[in-house]
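Observations on the model geometry
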Protein chains: 2
Amino acid sequence: MSSSSDEPSAKKPRRRSRIREAHEAKILHIAEELFSRNGYNGTAIEAIAEHAGMSKQNLLYYFSSKEVLYHRVLENILDLWLEKMALLDQEGEEPAEMLRNYIRGKVELSRTNPKASKVFAIEIINGAPHLKDYLKSSLTPVLEADVQLVKDWIAEGKMDPIDPYHLFFLIWSSTQTYADFSSQVELSLGKGELDEADYQTATEFLTHVILKGVGLS
Amino acid sequence: MSSSSDEPSAKKPRRRSRIREAHEAKILHIAEELFSRNGYNGTAIEAIAEHAGMSKQNLLYYFSSKEVLYHRVLENILDLWLEKMALLDQEGEEPAEMLRNYIRGKVELSRTNPKASKVFAIEIINGAPHLKDYLKSSLTPVLEADVQLVKDWIAEGKMDPIDPYHLFFLIWSSTQTYADFSSQVELSLGKGELDEADYQTATEFLTHVILKGVGLS
DNA sequence: ACCATATTTTACCATATGGTAGAAATTAAC
DNA sequence: GTTAATTTCTACCATATGGTAAAATATGGT
């Protein structure tokens, strides 16, 4: 509609800088990796900076403190998480199909973002000290909507009268275990690393057991 | 039968000391608590010592290093874990009943030892750097026996032909979530802390869904 | 080329922390 | 009570780490 300039009043400080964008992205990526391996306290910002190819002081130029950086990492993760969470919102299909997609999405998330999942998990285990407020305000409404949907299904006699909350706890934990506890899973299976077939097997197993378990198959 | 002395050949260095026993126990207990809240790197041995009512140097007299102390905490936890693991060994009852007891035992463990479970979880998430060898040698054989038992049940047509390994991953993750991710569960349920009724509900829910899901009910 | 701004480097600092050495004090067997 | 061992305390230390201050350098628009 208007001209290509979005800020007509900008006179001088109108720089966003590709270099900043790139560096911040790189730092966030490395930070996710290191935080997932060593936790918050076990990760030195100097180590993050080194892996990102810059000095610690330079990193601190982009993220004013370790806390701020960690926060950003957590927020990115939670947003990813909440995206998949909204799957139940899209009504229209059959309950079985929706739950199947939900489970598939969660396993997929574990496969594609294992590091993020681990950072998130450690944060939750430690009582979510940095995340509690954000979690409460963002998770709760989505969960409540999902729970209500399941309750409706139950009321309509479409599935067994199970506790919806615990159903979600079950799905979350069983799907995330392939990211968070991958070392234990790998050790149990006698594998070095899980491959696509393993995730496929996991998805099929979980959908079979959970859907049948709640009377949806 | 014999005299009250168990070591007739002991001449001088025959002290075990109740005080050492008591102090070590106290230290281990506090350490479990703090490690579960702040992780390995986030926990200062000085903090552990303070909570145990002694100086850091005194703690170091009982445990020669932080690593050693952490190791001991982990071993205690893993032993607890493996105990409940052997439930499947006691054959004789019906498959359904055995699995039911197994699940009940795991939930019970989450309820009675949430801190231990958390320390264990963080260690696993971080790739089990301190525990891998011990885990491999102690978990694997028990798990293999359990897996074989399930395979037998499947071969006998007693249950659905599911993947036994993933069944155990499912049970481990879904039961431990009530310890490890308790803060998330509490937040989701809108509760300050889980009570007995919650664990009861969880147990009933999990046994219902999992047993039915694998064709055992 | 010039200049304002963005980026990077150099130089420090205060604090926390795991660990060591050895003296002092306590304990318990004899 | 003496004695040998156990337990605790005093004094340190080396290192790691998050963070600050400010100078130096690069960048991009005009």
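This text gives an overview of the structure that appears in the document. (Residues numbered from 1 in each chain as written. Chains lettered and ligands numbered in written order. Predicted model: local features only at pLDDT ≥ 70, side-chain atom pairs only at ≥ 80, totals over all residues. Heavy atoms only, no water.)

Each side of the interface is counted separately: chain A has 56 residues, and chain B has 56 residues. Carbon and sulfur atoms supply 70% of the area buried between chain A and chain B, which totals about 4,500 Å² over both sides. Where chain A touches chain B, the interface holds two salt bridges. Taking the shortest distance from any N to any O, the salt bridge between Lys212 of chain B and Asp160 of chain A comes out at 2.5 Å. For the side of chain A that touches chain B, the element with the highest residue contribution is helix H8 (residues 164–180) of chain A, accounting for twelve residues. Each residue belonging to the side of chain A that touches chain B can be placed in one class, and the counts come to 27 nonpolar, 19 polar and ten charged. (Contact = heavy atoms within 4.5 Å. Buried area = accessible area lost by both parts, 1.4 Å probe. Salt bridge = Lys/Arg side-chain N within 4 Å of Asp/Glu carboxyl O. Helix = DSSP H or I, 4+ residues; strand = E, 2+ residues; numbered from the N terminus. Nonpolar A, V, L, I, M, F, W, Y, C, P; charged D, E, K, R; others polar.)

A separate point is helix H8 (residues 164–180) of chain B. Residue and element names in this part refer to chain B. For H8, which comprises 17 residues, the first-to-last C-alpha distance of 23 Å matches the rise-based estimate of 24 Å (1.5 Å per residue) to within 8%. Counting buried positions over the 17 residues of H8 gives 17, a clear majority of the element. Its side-chain oxygen placed 2.9 Å from the backbone nitrogen of Tyr165, Asp163 serves as the N-cap of H8. (Expected span 1.5 Å × (residues − 1). Buried < 20%, exposed > 50% of the residue type's maximum accessible area, 1.4 Å probe, protein only. Polar contact = N/O pair within 3.5 Å; in protein donor to acceptor, adjacent residues only side chain to side chain.)

Near DNA strand D, the surroundings consist of 20 residues, among which Lys56 and Lys66 of chain A together with Ser17, Gln57 and Tyr62 of chain B are the closest. Sugar and phosphate atoms form 63% of the subset of DNA strand D atoms that lie within 4 Å of the protein. Asn58 of chain B is positioned with one of its side-chain polar atoms (N or O) 3.1 Å from a phosphate oxygen of DNA strand D. A distance of 2.7 Å separates a phosphate oxygen of DNA strand D from a polar atom in the side chain of Tyr62 of chain B. For the surface near DNA strand D, the secondary structure elements donating two or more residues are helix H3 (56–62) of chain A together with helix H1 (18–38) and helix H3 (56–62) of chain B. (Near = heavy atom within 4 Å.)

The next subject is the relation of the copies chain A and chain B. Superposing chain A onto chain B requires a rotation of 180° together with a translation of 0.0 Å along the rotation axis, leaving an RMSD of 0.0 Å. Taken together, the turn and the small shift mark the pair as related by a two-fold rotation axis. Using C-alpha coordinates, one finds that chain A approaches the rotation axis most closely at Gly213 of chain A, a distance of 1.9 Å. A symmetric contact is evident, with 100% of the interface residues of chain A recurring at the interface of chain B. (Least-squares fit on C-alpha atoms with pLDDT ≥ 70 in both.)

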